[in-house]
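What follows is each chain in one-letter form.
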Amino acid sequence: MWIFRDFSEAEQLHGIKIIRFSNELNFGNGRMLKRTLRDMIRTDPGELDAIIVDCQMIASIDSTAIRELTEVLKEAEDTVLIVLAAVPGKTRDTMERSKMLELIGFRTYFMSVHSAVQYVQLYLKEERNALPTIDEYYDDD
């Protein structure tokens, strides 16, 4: 289930899109998320720098959906940064058991949408020369 709301008052961040998937992620709808992410990348070539997937409503994920999501994250590596934010504990545990987080790395996973936005902005500020390390990201200076 996709929920679209009018956020016309919200500040739009140049080059960054935030989407929310509001259902469990499984074999039946994993391809839909994968297709949506691919379509976003193809629709805005050169205009889209990053996609943040708000996962807070994904109560569970199965192995097929993990495979679909991992594929699109790997495909997008050279063109658009895709990050996951606010993944619930049960879903995060399933991802960890599947080794998905090892495949995609810590830079793709954030505890909140806010921290994902901050990281993406730092990434874009550095002009994609290199992703910040975990120490740079958490540096208070």
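If you're wondering where the values come from, they're calculated on a predicted model, not measured in any experiment. (Residues numbered from 1 in each chain as written. Predicted model: local features only at pLDDT ≥ 70, side-chain atom pairs only at ≥ 80, totals over all residues. Heavy atoms only, no water.)

**Overview of the packing of aromatic side chains**
- The tally for this structure, following the rule as stated, stands at 1 aromatic pair.
- Taking the centre distance of 5.0 Å and the plane angle of 40° together, the rings of Phe110 and Tyr119 count as tilted. A single burial state applies to Phe110 and to Tyr119, both of which are buried. (Phe/Tyr/Trp six-rings, centres within 6.5 Å; stacked < 30°, edge-to-face > 60°. Buried < 20%, exposed > 50% of the residue type's maximum accessible area, 1.4 Å probe, protein only.)

**Overview of the side chain of Thr70**
- Among the secondary structure elements, Thr70 is positioned in helix H2 (residues 63-76).
- Of the polar contacts made by the side chain of Thr70, one reaches the backbone oxygen of Ile66; its length is 2.8 Å.
- Beyond its immediate sequence surroundings of up to four residues, Thr70 is in contact with Met100, Leu103 and Ile104. (Helix = DSSP H or I, 4+ residues; strand = E, 2+ residues; numbered from the N terminus. Polar contact = N/O pair within 3.5 Å; in protein donor to acceptor, adjacent residues only side chain to side chain. Contact = heavy atoms within 4.5 Å.)

**Quick look at helix H3 (residues 89-97)**
- Taken as a whole, H3 has its buried residues at Thr91, Thr94 and Met95. All buried residues of H3 lie within an arc of 100° about the axis, which places them on one face of the element. Of the residues in H3, the exposed ones pointing more than 90 degrees away from the buried face are Lys90 and Arg97.
- In the core, the buried residues of H3 are packed alongside H2, strand E3 (81-85) and helix H4 (100-104).
- Lys99 sits one or two positions beyond H3 and adopts a positive phi of about 70°. (Arc of directions from axis to C-beta.)

Function cannot be read off these values alone, since they describe shape.
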